[in-house]
Amino acid sequence: MAENPYRPRRSVLYIPAANERALAKIATLACDAVIIDLEDAVASGEKASARDRLGAIFANRPRCEMVVRINRFGGEGGPEDLTAALACQPDGILLPKIDTPRDILEAGDALDEADAPDEVKLWAMIETPKALINIAAIAELGRDPASRLACLVAGTNDLIKETGVQATADRRYLVPWLMQMVLAARAGGIALLDGVFNDFRNLDGFARECADSAGMGFDGKTLIHPSQVEAANAAFTPSDQALAEAKAIVTAFAKPENVGKGVIALEGRMVERLHLVQAEKLLAKAASIGA
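Engineer: Is there a simple way to explain the pattern of salt bridges in this structure?
Structural biologist: Pairing between side chains of opposite charge can happen when their charged atoms approach one another. The final tally for this structure, using the stated rule, is 23 salt bridges. Asp32 serves as the salt-bridge partner of Arg10, at 2.8 Å between the closest nitrogen and oxygen. Taken as a pair, Arg10 in the segment before strand S1 (11–16) and Asp32 in the loop between helix H1 (20–23) and strand S2 (33–37) lie far apart in primary sequence, 22 residues in all. The exposure class of Arg10 is buried, given its relative accessible area of 10%. With relative accessibility at 14%, the residue Asp32 sits in the buried group. Several salt bridges share partner residues, and in doing so they unite Asp37, Glu39, Asp40, Arg69, Lys97, Glu127, Asp158, Lys161 and Glu162 into one network.

What follows is the structure, given as structure tokens:
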């Protein structure tokens, strides 16, 4: 199966479904996607009213990708959240605290039983030790279109809480797990988003973490504040230098004398066809975001 077509998710902003002030600003934001949150960002006493507000939120839908994070599907409020979200025809449903592939398959079955369009995808939070242990099997569902799985989201705050590792500025204790997620997502052909950066006033620190995340191979960053959108978009947009190099590789392989070659010399270095594939992917990504 071919990999899912690229869809920009450089900046994905969580917005609590109970925060009317934040919701009113969605259409003015430059983020690639928003996650309307019914879970962690909503107090237990406000969850029902937040769920009821979904219809009004989607009534004036912006052009960006719209995903709803429901409460745990097998827990209190989860099935009701899913029903309310599907009535709004979101682009995706974000499942929190999954542990095994079965958690995703059961949610997918519920979507099928509700006759949800195929375009409604499932996203999954990787935020428990058990999910990390099962990460390869979870991500492999991305190879089966029937699973609807399109994106994994690192839940770094919960991973820190559940494992007891120290939260450091360089995330040294999280990096091995983050790289596991990258490998699994690439093997499954699905998108992968990094976790949130909690100190939204520290824009320099946020920019550094975005750069590290992009370097690790993530597709984008989940955000908790609109002030983080610009830096995330910049970090996950191909640089001018990278685009120039990609164009040079594509142009070189397109020359008549190179059409049948597996390896060519370009500006003093050897370039293989795998580099051509990488260059074409980068240029397609840039085109999709207007870079």
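Engineer: Is there a simple way to think about the sheet that holds strand S4 (residues 92–95) in this case?
Structural biologist: Strand pairing in a sheet takes place through backbone hydrogen bonds and is either antiparallel or parallel in direction. One closed barrel holds the eight strands; their spatial order is S1-S2-S3-S4-S5-S6-S7-S8, and the pairing between them is parallel. On average, each strand axis in the sheet is inclined to that of its neighbour by 25 degrees, with strand direction left out of account. Bridge count for S1 against S2 is five bridges, and the pairing is parallel. Paired with Tyr14 across the strands is Ile35, a residue of S2.

Engineer: Just checking my understanding: could you explain helix H12 (residues 240–254) for this structure?
Structural biologist: One full turn of an α-helix is made of 3.6 residues, so residues set three or four places apart face in the same direction. Taking 1.5 Å per residue as the helical rise, H12 with its 15 residues ought to reach 21 Å, and the 21 Å between its terminal C-alpha atoms agrees with that figure. What H12 keeps buried is the set Leu243, Ala246, Ile249, Ala252 and Phe253. Its buried side turned inward, H12 meets strand S9 (263–266), strand S10 (269–272) and helix H13 (273–288).

Parameters and conventions
Residues numbered from 1 in each chain as written. Predicted model: local features only at pLDDT ≥ 70, side-chain atom pairs only at ≥ 80, totals over all residues. Heavy atoms only, no water. Salt bridge = Lys/Arg side-chain N within 4 Å of Asp/Glu carboxyl O. Helix = DSSP H or I, 4+ residues; strand = E, 2+ residues; numbered from the N terminus. Buried < 20%, exposed > 50% of the residue type's maximum accessible area, 1.4 Å probe, protein only. Pairing = 2+ DSSP bridges. Axes fitted to C-alpha atoms, helices over the stretch in contact; angles between N-to-C directions. Expected span 1.5 Å × (residues − 1). Contact = heavy atoms within 4.5 Å.

Shape is all these values report; function is a separate question.
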